[in-house]
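# Inside the fold
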Amino acid sequence: MNHFKVLSKDSFHIFEKEITQLDLECFSTSNWDLDQWLTLFQNYQLKVLLALREEIVLGFVAFSNIENESELFKIGVKQTERNLSTGSQLIQTMIDLLQNQNTDKVFLEVRSDNQNAIKLYSNFHFKLINRRKNYYQNPMCDALIYRLEI
Ligand SMILES: CC(C)(COP(=O)(O)OP(=O)(O)OC[C@H]1O[C@@H](n2cnc3c(N)ncnc32)[C@H](O)[C@@H]1OP(=O)(O)O)[C@@H](O)C(=O)NCCC(=O)NCCS
């Protein structure tokens, strides 16, 4: 059974190694190095929600929460744990947390060729609000901007 833990700037170091490894596994060419993680904690009040099984990190979602708006920066689940609803549980738990903090909007950006992620966001009724044509390179594709009112 999965359980969840929220990390902020002061507690990130406890799972720093596991998170940076999983980030690399999920986002091989666009993973964040430690400096980038720390800068995001500093500048965007980043929070990281972990899905754990017996203290093993299965997945994470990194999001900001400033005033009434949140941005989901990235979500990643271990390859061997995908399609078992961990990603959905992470999004639902994040939404529950944000609703308790008077957040009313969540924004995110995703590559248009990332069908798994798009399906996951659509299941939560994120609405497509903008498309940046050919925004990403190698391979080229659009950036899709989604918003969820919570
Ligand atoms: C996108 C990502 C986070 C999804 O995580 P996940 O844990 O596989 O997501 P879920 O299992 O909750 O849902 C994915 C699909 O599995 C289905 N699913 C959930 N539980 C299931 C089960 N027990 N059996 C079969 N399918 C199941 C979900 O319904 C969903 O499919 P559907 O939308 O077609 O119905 C994961 O694929 C990933 O880490 N990708 C790489 C990183 C990435 O691209 N992140 C997004 C951009 S930031």
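In this convention, every chain numbers its residues from 1, walking through the sequence in written order. Per-residue local features of the predicted model are confined to residues with pLDDT of at least 70, and side-chain atom pairs are confined, for both listing and counting, to 80 or more; whole-chain, interface and lining totals are unaffected and use all residues.

### What about helix H3 (residues 86-99)?
Counting from the N terminus, the helices are DSSP H or I runs at least four residues long and the strands are E runs at least two residues long. Each helix should span, by expectation, one fewer than its residue count multiplied by 1.5 Å. If you check H3, its first and last C-alpha atoms are 20 Å apart, about what 14 residues at 1.5 Å a residue would give, namely 20 Å. Exposure is read from a count of other C-beta atoms within 10 Å of each residue's own; the residue is exposed at 12 or fewer, buried at 20 or more and partly exposed in between. C-beta atoms are placed from the backbone. For H3, every residue scored as buried is listed here: Thr-86, Gly-87, Leu-90, Ile-91, Met-94 and Leu-98. Around the axis of H3, the buried residues are gathered within 140° of arc, so they sit on the same side. Set apart from the buried face of H3 by more than 90 degrees, the exposed residues are Asp-96 and Gln-99. On its buried side, H3 packs onto strand S2 (47-53), strand S3 (56-66), strand S4 (69-77), strand S5 (105-111) and helix H4 (115-123). The arc in question is the one traced by the directions running from the helix axis out to the C-beta atoms. Two residues qualify as being in contact provided that their C-beta atoms, derived from the backbone, are within 7 Å of each other.

### Describing the site of the ligand
Nearness is defined per residue: the C-beta atom, placed using the backbone, must lie within 6 Å of the molecule or strand. In the neighbourhood of the ligand, 19 residues make up the surrounding shell, with Arg-82, Ser-85, Gly-87, Ser-88 and Ala-117 lying closest. Listing elements by their share of the shell around the ligand, those giving two or more residues are S4, H3 and H4. Taken together, the residues of the shell around the ligand sort by class into 7 nonpolar, 9 polar and 3 charged. Three classes are used, and their members are as follows: Ala, Val, Leu, Ile, Met, Phe, Trp, Tyr, Cys and Pro are nonpolar, Asp, Glu, Lys and Arg are charged, and the others, Gly among them, are polar.

### With respect to the environment of Ser-70
When you line up the elements, Ser-70 lands in strand S4. Classification of Ser-70 as buried rests on a count of 24 C-beta atoms within 10 Å. Considering only alpha carbons, one finds Ser-70 and Asp-96, 26 residues apart in sequence, at a separation of 13 Å. In this structure, Ser-70 is in contact with Phe-63, Ser-64, Asn-65, Leu-98, Thr-103, Lys-105 and Val-106, ignoring residues within four places of it in sequence.

### What about the pairing of S2?
The element S2 is extensively covered by neighbouring structure, given that 5 of its 7 residues are classed as buried. Strands were regarded as paired on the criterion that DSSP finds at least two bridges between them. By the bridge criterion, 5 bridges tie strand S1 (residues 3-7) to S2 in an arrangement that is antiparallel. Looking at S2, one finds that Val-6 is bridged to Leu-49. Taken together, the 7 bridges between S2 and S3 define a ladder with antiparallel strand orientation.

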